[in-house]
Amino acid sequence: MRSTKDIVQAMKTGWNLGNSMDCFGGETAWKNPKTTKEMIDVVAAAGFNTIRIPVTWHEQTGPSPEYKIADTWLARVKELVDYAYDNQMYVIVNMHHENKWIKPEKEGFEQVLEQFKIMWKQIATYFSCYDDHLLLEALNEPRIEFSENEWTGGSEENREYVNRLVAAFVEAVRSTGGNNQERSLLVTTVGASVSEEAIQGLCVPQDSHIAVSLHPYTPHHFCYSKDEIGSLEVWDGSLNKEIDEVMELINAAFIKKGIPVVITEYGAVNKTYVNAEGMQVSNEEEVIKWATYYLEKAIDIGVPCIWWDNGYYNSGDEYFGIFNRSDLSWFTPNLKGAIIEAVK
């Protein structure tokens, strides 16, 4: 198995298969079509060489003490991994949307930890024969939902219990042997946050095949919904410093210490605004300017980025979609082109 640093360097640029296998209620419950090989072929042909497959496992898991994951669910995840492997892509499989039961707090934690370890042992065993193109990611944005510091690093207690989950994940995967003894594993902060408190509170396990995953949607008011107070639709470069500061923090906390980092989610939603001519227009060109600068700064410190695509472009919730899975076209072809061009 290659070093994690070499693997991360080779990952270049990626795309998330969001709101599919991570849905509550099954793969198509959140209105995206069933994933086909043709979809992944088109994404790979566009130039994305990495895919992240978010997966929600708890609905497919039996009762204690076995916590057995349904064979059909594991087989379906494998099918999607194989679609990516057929395209020589790097693949990240994680635990996603599990915050209802994975709570980083003292109350009830021992039961959470036991289930978490048993489930990861099953997943790791199932994929143990895959080579180093497959990476496993412990958690997606672990946090206490609706808490005061949910997105800014949580409390000291939250950080302590995320670190315990991270350590248990690494131990569980390594215990399954085979390629998993040296498989690259991704661990994260509370909420996958890039706040200084979150980053400083993460205890990265002493393991030579570990990387950190983070989700800097920066600046927040440009990246997220127009409905929010202070929403920004135009990127004029005046907030470049916010991106600079995030990348400098990542570089100092991890890269300079020899710990690779993958931004496993980034993106900015599709918005409309009234331009100087008084016309209602899409802000795709503004997102292109933002993404070009963002990727330039990430590339400078050796961090690959994986676009969060939830399949929603102008309907649904949070319009992060850039790829139309229904007809295999691109909602934002110019943005897709700019992302690929940035990493050449």
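Before going into details, it helps to say that this report is about the structure given with it. Model, not experiment: these values are computed from the prediction.

A word on empty space enclosed by the protein
All told, the structure shown has three cavities of 30 Å³ or more when counted by the stated rule. Here the largest cavity is characterised by a volume of approximately 80 Å³. If you trace the largest cavity, you find 14 residues lining it, with A268, N270, V287, T332 and L335 closest to the centre. In the lining of the largest cavity, the residues fall into eight nonpolar, five polar and one charged. Within this model, the second largest cavity holds a volume of roughly 40 Å³. Around the second largest cavity sit M95, H96, H97, E98, N99, I102, L139, N140, E141 and P142, which together line it. The residue makeup of the lining of the second largest cavity, split by class, is four nonpolar, four polar and two charged.

Quick notes on the packing of aromatic side chains
Throughout the structure, instances matching the rule amount to 20 aromatic pairs. Ring geometry for W15 versus F323: centroids 5.9 Å apart, planes at 85°, classification edge-to-face. Highlighted residues: W15 in strand β1 (residues 13–16) and F323 in strand β11 (residues 323–324), separated in sequence by 308 residues. Neither residue differs from the other here; W15 and F323 are each classed as buried. Linked through ring pairs, F222, W235, Y266, W290, Y294 and W307 together constitute an aromatic cluster. Above the plane of the ring of F222 lies K271, whose end atom (NZ or CZ) is 5.9 Å from the centre.

Section: the packing of helix α4 (residues 109–126) against helix α5 (residues 156–174)
Taken N-terminus to C-terminus, the directions of α4 and α5 make an angle of 30°; their axes are 9 Å apart at the nearest point. Considering the relative orientation of α4 and α5, their crossing is right-handed. Here F109, E110, L113, F116, K117, W120, K121 and A124 of α4 lie close against α5, whose contacting residues are Y161, R164, L165, A168, F169, A172 and V173.

Points about α4
Helix length check: α4 (18 residues) gives 26 Å between terminal C-alpha atoms against 26 Å at 1.5 Å per residue, within 8%. Taken together, the buried positions of α4 are F109, V112, L113, Q115, F116, M119, W120, I123 and A124. Down the axis of α4, the smallest arc covering the buried residues is 170°, so these residues share one side. Summarising the geometry of α4, the exposed residues directed more than 90 degrees from the buried face are E110 and Q111. Structurally, α4 contributes buried residues whose contacts are with β3 (90–94), β4 (134–137) and α5.

Regarding the layout of surface pockets
Approximately 990 Å³ is the volume found for the largest pocket. Its residues placed into classes, the lining of the largest pocket shows twelve nonpolar, 13 polar and nine charged.

Examining the sheet that holds strand β2 (residues 50–53)
Strand pairing in a sheet relies on backbone hydrogen bonds. The paired strands run either parallel or antiparallel. One closed barrel holds the eight strands; their spatial order is β1-β2-β3-β4-β5-β6-β7-β10, and the pairing between them is parallel. When the angles between neighbouring strand axes are averaged without regard to direction, this sheet yields 25°. Where β1 and strand β10 (residues 305–307) come together, three bridges link them in parallel fashion. Pairing of G14 across the sheet is with I306, part of β10.

Re the pattern of salt bridges
A full pass over the atoms with the stated rule returns 19 salt bridges. With a shortest N-O distance of 2.9 Å, D132 and R2 are connected by a salt bridge. Here D132 is found in the loop between α4 and β4, whereas its partner R2 is found in the segment before α1 (4–10), with 130 residues between them in sequence. Across the pair K37 and D41 runs a salt bridge, and its minimum N-O distance is 3.0 Å. With K37 and D41 both in helix α2 (residues 37–46) and four residues apart, the pair spans about one turn of that helix. Residue classification places K37 among the partly exposed positions, given a relative accessible area of 29%.

What about the environment of E27?
Along the chain, the position of E27 falls in the loop between β1 and α2. Taking relative accessible area as the criterion, E27 reaches 10% and is therefore assigned buried. Sequence-wise, E27 and D132 are 105 residues apart; in three dimensions their C-alpha atoms are separated by 26 Å. Beyond its immediate chain neighbours, meaning those up to four positions away, E27 contacts N19, S20, M21, N32, K34, T35, W73 and R76.

Quick word on the pairing of strand β6 (residues 210–214)
With five of its five residues buried, β6 lies for the most part within the structure. Here β6 shows a buried face lined by I210, V212 and L214 and a second buried face lined by A211 and S213. In the sheet, strand β5 (residues 185–188) pairs with β6 via four bridges, with the strands oriented parallel. Looking across to β6, one finds that V187 is bridged to V212. Note that β6 and strand β7 (residues 261–266) share three bridges and pair parallel. Opposite V212, over in β7, you have V261 as the bridge partner.

Cut-offs used in this document
Residues numbered from 1 in each chain as written. Predicted model: local features only at pLDDT ≥ 70, side-chain atom pairs only at ≥ 80, totals over all residues. Heavy atoms only, no water. 1 Å grid on protein atoms, 1.4 Å probe; cavity = no way out; pocket = protein on both sides within 12 Å on 5 of 7 lines; lining within 4 Å. Points joined across faces, edges and corners; volume = space filled by probe spheres on them. Nonpolar A, V, L, I, M, F, W, Y, C, P; charged D, E, K, R; others polar. Phe/Tyr/Trp six-rings, centres within 6.5 Å; stacked < 30°, edge-to-face > 60°. Helix = DSSP H or I, 4+ residues; strand = E, 2+ residues; numbered from the N terminus. Buried < 20%, exposed > 50% of the residue type's maximum accessible area, 1.4 Å probe, protein only. Lys NZ or Arg CZ within 6 Å of the ring centre and 35° of its normal. Axes fitted to C-alpha atoms, helices over the stretch in contact; angles between N-to-C directions. Left-handed = near helix turned anticlockwise from the far one by under 90°. Contact = heavy atoms within 4.5 Å. Expected span 1.5 Å × (residues − 1). Arc of directions from axis to C-beta. Pairing = 2+ DSSP bridges. Salt bridge = Lys/Arg side-chain N within 4 Å of Asp/Glu carboxyl O.

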